[in-house]
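# Geometric and topological summary
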Amino acid sequence: CGGGEEETAGPPASRPDDFAFTFAHADGSVAPPYHVEWTVEVRPDGSGKATYTPDYSGDGVPTYKATFTVSAEDMDEIYGQMRDAGLLEPIGTTDDVPVGGPVESARIYADGETFDVPAFDEEGGSPLAPVSAAVQGLVPTADWDSFEARRAAYAKKEYGKSPSG
């Protein structure tokens, strides 16, 4: 019965045509102006969208947006990183969530399946930590620089000071 072998073979070595993901990041519980939330969404064709909120979400808090395109080479690379990090298989989670630090979660589509990656695995670690910088790196530097500049201006206006970095 070859069916069992297919089920245990794991994710495909090369990027499937339907590979796409949404990656969400929120800073830990820190006082404004140090909190930021951002999301990166990438579709199978490489079209992407980033949203960036320079504070806790709420009335009067802006959300900045950018669109971009991810090259086929970069799509292959991020797929390989997600596959190698074990994100394309079920991940157990914990009810004993660590306090502090960033919270990152993702929904990944690949090979006809949907993988909801929790913020924390069974040991309380972040399964997405190995790919976080790479996902952020898919967004053009000019867009991140624009987000950060607008964040600094927002924080100065709302809180009288800008966050560092």
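Data block above holds the structure.
To keep things clear, this report deals only with the structure shown in the data block. (Residues numbered from 1 in each chain as written. Predicted model: local features only at pLDDT ≥ 70, side-chain atom pairs only at ≥ 80, totals over all residues. Heavy atoms only, no water.)

### What about the packing of aromatic side chains?
Defined as follows: Ring pairs are drawn from Phe, Tyr and Trp, using the six-membered ring of Trp, whenever the two centres fall within 6.5 Å, and their geometry is named by plane angle: stacked under 30 degrees, edge-to-face over 60, tilted for the rest. Each helix is a run of H or I in the DSSP string that is no shorter than four residues. Each strand is a run of E no shorter than two, and both are numbered from the N terminus.
As enumerated under the stated definition, the model contains nine aromatic pairs in all. Centre to centre, the rings of phenylalanine 23 and tryptophan 38 are 5.6 Å apart; their planes meet at 10 degrees, and the pair counts as stacked. Within this pair, whereas phenylalanine 23 is found in strand β1 (residues 20–26), its partner tryptophan 38 is found in strand β2 (residues 37–42), the two being separated by 15 residues in sequence. Here the aromatic rings of tyrosine 154 and tyrosine 159 are separated by 6.4 Å at their centres, their planes lie at 80 degrees, and the arrangement is edge-to-face. An aromatic cluster of three or more residues is present, and its members are Phe23, Trp38, Tyr52, Tyr64, Trp144 and Phe147.

### Details of the nonpolar core
Filter applied, for reference: We define the nonpolar core as a collection of buried residues of types Ala, Val, Leu, Ile, Met, Phe, Trp, Tyr and Cys that are connected through side-chain atoms lying within 4.5 Å of one another. Note on exposure labels: buried denotes an accessible area under 20% of the residue type's maximum, exposed denotes more than 50%, and partly exposed covers the range between, all computed with a 1.4 Å probe on protein chains only. Working rule for contacts: check all heavy atoms of both residues, and any pair within 4.5 Å makes them a contact.
If you look at the biggest cluster of nonpolar residues, it comprises 33 residues, and the most contacted ones within it are Phe19, Phe21, Met82 and Ile108. A per-element tally of this core places helix α2 (residues 72–84) first, with four residues. Beyond its immediate sequence surroundings of up to four residues, phenylalanine 19 is in contact with Arg43, Pro44, Met75, Ile78, Tyr79, Met82, Ile108, Tyr109 and Ala110.

### Notes on the side chain of aspartate 55
Just so we agree on the cut-off: His is not counted here, nor are the chain ends, while Lys and Arg score as positive and Asp and Glu score as negative. One speaks of a salt bridge when a side-chain nitrogen belonging to Lys or Arg is within 4 Å of a carboxyl oxygen belonging to Asp or Glu. Any N or O atom pair separated by 3.5 Å or less is treated as a polar contact, with the protein-specific requirement of one donor-capable and one acceptor-capable atom, and with residues adjacent in sequence counted only for side-chain atom pairs.
Of note, aspartate 55 is situated in the loop between β3 (47–53) and β4 (64–69). Of the buried charged residues, aspartate 55 lacks a salt bridge, with arginine 151 as the closest side chain of opposite charge at 8.5 Å. Separated by 2.9 Å, the side chains of aspartate 55 and tyrosine 154 make a polar contact. At 2.4 Å, the side chain of aspartate 55 forms a polar contact with the side chain of tyrosine 159. Beyond its immediate sequence surroundings of up to four residues, aspartate 55 is in contact with Pro32, His35, Val36, Glu37, Val61, Tyr154 and Tyr159.

### Structural notes on the sheet that holds β3
The following threshold applies: Any two strands between which DSSP finds at least two bridges are classified as paired. As a rule, the C-alpha atoms of each element are fitted with a line to give its axis, helices using only the stretch in contact, and angles between N-to-C directions run from 0 to 180 degrees.
Spatially, six strands are ordered β4-β3-β2-β1-β5-β6 in an open sheet, and the strand pairing comes out antiparallel. Each edge of the sheet is formed by a strand with only one pairing partner; in this case those strands are β4 and β6 (113–117). With strand direction ignored, the average angle separating the axes of adjacent strands in the sheet is 10 degrees. Bridging between β2 and β3 involves six bridges; their strand directions are antiparallel. Across the sheet, the residue bridging to valine 42 is glycine 48, located in β3. Sheet strands in contact with helix α3 (residues 129–137) are β1, β2 and β5 (103–110), and its direction is about 100 degrees off that of β1.

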